[in-house]
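Structural description and commentary
Given next are the chains, with one letter for each unit.
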Amino acid sequence: MYQLTHHQAQNIVDKMMKDIPYNINIMDQAGTIIGSGNKERIGTLHHNAVEAIKQKNSRNHNR
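Summarised in this report is the structure supplied together with it. (Residues numbered from 1 in each chain as written. Predicted model: local features only at pLDDT ≥ 70, side-chain atom pairs only at ≥ 80, totals over all residues. Heavy atoms only, no water.)

Helix and strand counts for the chain stand at two helices and two strands. Starting at the N terminus and ending at the C terminus, the chain contains elements arranged as α-β-β-α. If you line up the chain on its principal axes, its C-alpha atoms span 40 × 20 × 20 Å. By the burial criterion, 21% of the 63 residues in the chain qualify as buried. Sequence-distant contacts, at least 24 apart, represent 24% of the contacts inside the chain between residues at least 6 apart. Each charge class in the chain can be summarised by its mean position, and for the 8 positive and 5 negative side chains these summaries are 8 Å apart. (Helix = DSSP H or I, 4+ residues; strand = E, 2+ residues; numbered from the N terminus. Buried < 20%, exposed > 50% of the residue type's maximum accessible area, 1.4 Å probe, protein only. Contact = heavy atoms within 4.5 Å. Lys, Arg positive; Asp, Glu negative; His and termini not counted. Charge placed at Lys NZ, Arg CZ, Asp CG, Glu CD.)

Moving on: the side chain of Gln-10. With respect to the element layout, Gln-10 can be found in helix H1 (residues 6-16). There is a polar contact of 2.8 Å between the side chain of Gln-10 and the side chain of Asp-14. If we skip the residues at most four places from it in the chain, Gln-10 touches Ile-34, Gly-35, Ser-36, Lys-39 and Ile-42. (Polar contact = N/O pair within 3.5 Å; in protein donor to acceptor, adjacent residues only side chain to side chain.)

In structure tokens:
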């Protein structure tokens, strides 16, 4: 699986936020925010992303 660097993620967020009037976050595979329109959130855990990751992993284990 390809993983974005912090720089790549922030580049994507910066470009998208020129057209989208909402905050955008990009998280890594652990749910940590690696790119955000709110720079203070970078490096923090996005709890909803963590839950989504857990649910996806749970579904994969039940197959």
